[in-house]
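Spelled out, the chains give:
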There are 2 protein chains.
Amino acid sequence: MPAMTSRRAAVLSIGNEVVQGFLLNTNSQWLARELGELGFDVQYHLCLLDREDDLVRRLKAALDEGLFIVATGGIGPTEDDRTRQAAARALGLELELDHEALHALQERYSQLGRPFPRGSEIQCMAPKGASTIRNAFGTASCFYLRRGEGGLCVMPGVPREMKGVWREEMRKRIVEDFGLSVRFYSRELKCFGLPESEIDLKVKHLLPDGSKSSVEGSILVDDAVIRLRWRMSAIRESEAYAAMQPFVDQARALLGDVVFAEGDSTLEEATVRLLIDNKLTVALAESCTGGMIAHLLTQVPGSSETLIESAVTYANEAKERRLGVRAETLARHGAVSEACVREMVEAVAAQSGASLALSVSGIAGPGGGSPGKPVGTIWMALKMGAKTAAWQMRMPGERELVKWRTARAALNALRLAALHGRPPERPTFHVTTVDAR
Amino acid sequence: MPAMTSRRAAVLSIGNEVVQGFLLNTNSQWLARELGELGFDVQYHLCLLDREDDLVRRLKAALDEGLFIVATGGIGPTEDDRTRQAAARALGLELELDHEALHALQERYSQLGRPFPRGSEIQCMAPKGASTIRNAFGTASCFYLRRGEGGLCVMPGVPREMKGVWREEMRKRIVEDFGLSVRFYSRELKCFGLPESEIDLKVKHLLPDGSKSSVEGSILVDDAVIRLRWRMSAIRESEAYAAMQPFVDQARALLGDVVFAEGDSTLEEATVRLLIDNKLTVALAESCTGGMIAHLLTQVPGSSETLIESAVTYANEAKERRLGVRAETLARHGAVSEACVREMVEAVAAQSGASLALSVSGIAGPGGGSPGKPVGTIWMALKMGAKTAAWQMRMPGERELVKWRTARAALNALRLAALHGRPPERPTFHVTTVDAR
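Residues numbered from 1 in each chain as written. Chains lettered and ligands numbered in written order. Predicted model: local features only at pLDDT ≥ 70, side-chain atom pairs only at ≥ 80, totals over all residues. Heavy atoms only, no water.

Caption draft 1: Molecular detail of a negative patch on the surface. On the surface, a cluster of negative charge is contributed by A:E37, A:D264, A:E269, B:E398 and B:E400. Among the structural elements, A:D264 can be located in the loop between β12 (259–262) and α9 (267–277). (Patch = residues over 30% accessible without salt bridge, like charges linked within 9 Å, V, L, I, M, F, W, Y side chains within 5 Å. Areas by Shrake-Rupley, 256 points an atom, 1.4 Å probe, with all protein chains shown as cover. Salt bridge = Lys/Arg side-chain N within 4 Å of Asp/Glu carboxyl O. Lys, Arg positive; Asp, Glu negative; His and termini not counted. Charge placed at Lys NZ, Arg CZ, Asp CG, Glu CD. Helix = DSSP H or I, 4+ residues; strand = E, 2+ residues; numbered from the N terminus.)

Right, dumping it as structure tokens:
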């Protein structure tokens, strides 16, 4: 294992709205992952108010510790934006106007035919000696300065702008300036359909502690999606990938079709990919999911190659009219029944001619439950070729969670059918209870 | 304005996965809002690794500053959970077993017929003198301790558990113990359909700075939803509400039907509420939104009272078969055309008998665009009674954003129709560009 230089970082998010809870801070997570991939050990995230003195104190403390600070927010043109001023004071430097940046900004305004807003010059200032970093995504220019082991970079708080500046300019600058050669590489398997405890039992021996092995493994739970993750530091990506390969292979062998993707793919992406690769078309008949299954499939570019339609028959009347579900079936068994989902799936398959058809009906809550069919009771059916399977599941949670879990169970059913060429033989969802983060 | 005691708080989120960016921290935002409503001035959010010494140092610093610390995460049964131990050390207290909590936990395991896991006793320990707080949502018990002006409370990191403990036990405890009488109250109007700059221009004079007025007003943008918010501190809610009433009334008068809700309602909740109150039923014919409009409507409890169905006719073949769109229309004008959405809306209205019908067809991207119809081109139609309106919009952004904005524009069309009893007379979406956070 090559020795890692100890590069430590802190992620700062600045703005009253974030600290007061009126905006969700997604920047820190995103930047922490980016920094991790560059080989930085992120020490903490900190969200601070737009108070200059407090900012100066916090920035100084981090610089004194030799941290590389990535700060976002508070660099706009208004009076309450204080990050630029605070950074200069923490570094003990004067703020200086970048004439080139000012010229470019004035250009942009004149091209839009709008007057240059008074006070906007501040957006083109940076501490003397820092490098101004172009912001092609907004009006506030950014800056970067190395200081000892660490340093500081400052970017806008708007996620879209920040990500643009980071990807186009800032990351390159940091890689060059820190002479990054050794960095972290990671591989990840995503699983669905077994609870965490069972997966953990099967692959525990493949998840070594980082202190004892050059490859570090971990298990993460995000509702019912379980992620197995390995990482190691190396100079070359190929070297790290090769070292992690046996872990990935063995986990795949042990978990089989529970693994739905390697890397960042979502369950819907993996499902659409498999459907397209197998030249399968899909038609849906949705009741309790209210269109969510089709919505998730159509989040994926290219899904028009596989999805023909979804008949979202929310009212019983629509089930009868669109899908020919018999009034007698509804009267005798109710809409949430094996008989109903079987009629729904046969109808939508015949009407659409799709190679795969799936139907779902259930009780999302909060109303509509009964002792025999409590909230969370779900019936699902899948038809592929001449074979149809139907199964019942019980989804815990509130309305939104029931819909979300049911839609994922449906995606998983489509995925397993595409993979094996037949309807799934077991319910396609297992609840994972997370007891501690 | 009654004098506020200065109650200051810090929100700590503890866990390697959060700091390394593998989990999004949503707890801090949620807790910051809760604390704000109790009248605490939140100073910062901090995310820390599971390193005991570092935790001790940070907790001590916050306690020394007289802050009330709300910490989540790191209180599970595993070796890397260090928050419990760190809190005890920071307070200078021993950890002590809560026998009652242990007994209750053992009970739960025995009821589930599972053996009590070794090492789980740690989950029932709290610093001596702290109050153990019951956790009915998980296995890790929580604790609370007042110290001088501030203090400390510790809860699980899993959002569902944390929120449960906070709502059921912790909040009450804090309110009692701090003798909270004066607190912040806020009112909020949510707007949709005009860009921020136009709204700002209309109501700027109604958003006073907090330093000059007892009522503080602000404007917040979340994609196309604009929130106007007022807050003030008071002893009684009624007093604060009355003081803010003129601001709310005047803003409503100036903005008219652009305001869709007061308080926390989403656009879909406001829409479903209006539809139900006006005894209207809805049928949809969706193409590019892929079921998302129906999905959003059915997120709202009670939506089965208004939504009959959505025909998600993704393929052209489905548009012809389900909705009788003419092959000639598709050949001559394409699926993304006024002619097509008009045929779709007439068909779904006639088939369903719904009092309101809406259709949409567009190019979500990334493929499918052309010079005449670029990605983001959307046609929408709404039929109410004998009147049908159709309009075109251009949605900026990538596939997911185009779908999301189009679905919101559709909800807004339904809302305006329910409000005025006729189809909307203008496009129901305006882009808001956020330039600085």
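Caption draft 2: Spatial organisation of the pairing of strand β17 (residues 387–394) of chain B. Residues and elements named next belong to chain B. The pairing of strand β16 (residues 377–384) with β17 spans eight bridges and is antiparallel. From the neighbouring strand, M380 faces β17, where its bridge partner is W391. Between β16 and β17, which pair antiparallel in sequence order, lie two residues; one of them, G385, sits at a positive phi of approximately 60°. (Pairing = 2+ DSSP bridges.)

Caption draft 3: Highlighting the domain arrangement of chain A. All names here are of chain A. The domain boundaries assigned to chain A delineate domain 1 (8–178), domain 2 (183–262) and domain 3 (267–436). Taken over C-alpha atoms, the centre of domain 1 sits 35 Å from the centre of domain 2. Contacts between domain 1 and domain 2 engage five residues on the former and four residues on the latter. For the domain 1 and domain 2 pair, buried surface summed over both sides reaches about 420 Å², with 37% attributable to carbon and sulfur atoms. Counting across the interface, domain 1 meets domain 2 through zero salt bridges. (Domains from an automatic or database assignment. Contact = heavy atoms within 4.5 Å. Buried area = accessible area lost by both parts, 1.4 Å probe.)

Caption draft 4: Geometry of the pattern of salt bridges. Using the criterion set out here, one finds 44 salt bridges over all chains in the structure. For A:E309, the salt bridge identified is with B:R321, shortest N-O distance 3.0 Å. Linking A:E309 in strand β14 (residues 307–313) with B:R321 in helix α11 (residues 316–323), this pair reaches from one chain into another. For A:E309, a relative accessible area of 1% corresponds to the buried category. Its relative accessible area of 30% is what places B:R321 among the partly exposed residues. A salt bridge links B:R332 to B:E328, with the shortest nitrogen-to-oxygen separation between them at 3.2 Å. With a gap of four residues between them, B:R332 and B:E328 both fall in helix α12 (residues 327–333), about one helical turn apart. Via salt bridges that share partners, A:E52, A:D53, A:E79, A:R82 and A:R89 belong to a single interconnected network. (Buried < 20%, exposed > 50% of the residue type's maximum accessible area, 1.4 Å probe, protein only.)

Caption draft 5: The sheet that holds strand β3 (residues 68–72) of chain B, seen in detail. In space, the 12 strands of this open sheet follow the order β6(A)-β7(A)-β8(A)-β3(A)-β1(A)-β2(A)-β2(B)-β1(B)-β3(B)-β8(B)-β7(B)-β6(B), with mixed pairing throughout. Of all the strands in the sheet, the pair left with one neighbour each is β6 (131–133) of chain A together with β6 (131–133) of chain B. Direction aside, the axes of adjacent strands within the sheet are offset by 15° on average. Those strands touched by helix α4 (residues 83–91) of chain A are β1 (8–14), β7 (142–147) and β8 (150–155) of chain A, and its axis lies near 15° from that of β7(A). (Axes fitted to C-alpha atoms, helices over the stretch in contact; angles between N-to-C directions.)

Caption draft 6: Seen up close, the sheet that holds strand β13 (residues 282–286) of chain B. Taken in spatial order, the 10 strands make up an open sheet running β17(A)-β16(A)-β15(A)-β13(A)-β14(A)-β14(B)-β13(B)-β15(B)-β16(B)-β17(B), and their pairing is mixed. Taken across any chain shown, the strands that pair with only one partner, and hence form the sheet edges, are β17 (387–394) of chain A together with β17 of chain B. The average angle at which neighbouring strand axes cross in this sheet is 10°, direction not considered. Across five bridges, β13(B) lies against strand β14 (residues 307–313) of chain B in parallel orientation. Pairing of B:E286 across the sheet is with B:V312, part of β14(B). Along the sheet, α11(B) contacts β14 of chain A together with β13, β14 and β15 (356–362) of chain B; its crossing angle with β14(A), the most-contacted strand, is approximately 35°. Against the sheet, helix α13 (residues 338–352) of chain B makes contact with β13, β14, β15, β16 and β17 of chain B, and its axis sits at roughly 145° relative to β15(B), the strand it touches most.

Caption draft 7: Looking closely at the relation of the copies chain A and chain B. Mapping chain A onto chain B is achieved by rotating through 180° and translating by 0.4 Å along the same axis, at an RMSD of 0.4 Å. Taken together, the turn and the small shift mark the pair as related by a two-fold rotation axis. The residues that chain A uses at the interface reappear at the interface of chain B in 100% of cases, marking a shared surface. (Least-squares fit on C-alpha atoms with pLDDT ≥ 70 in both.)

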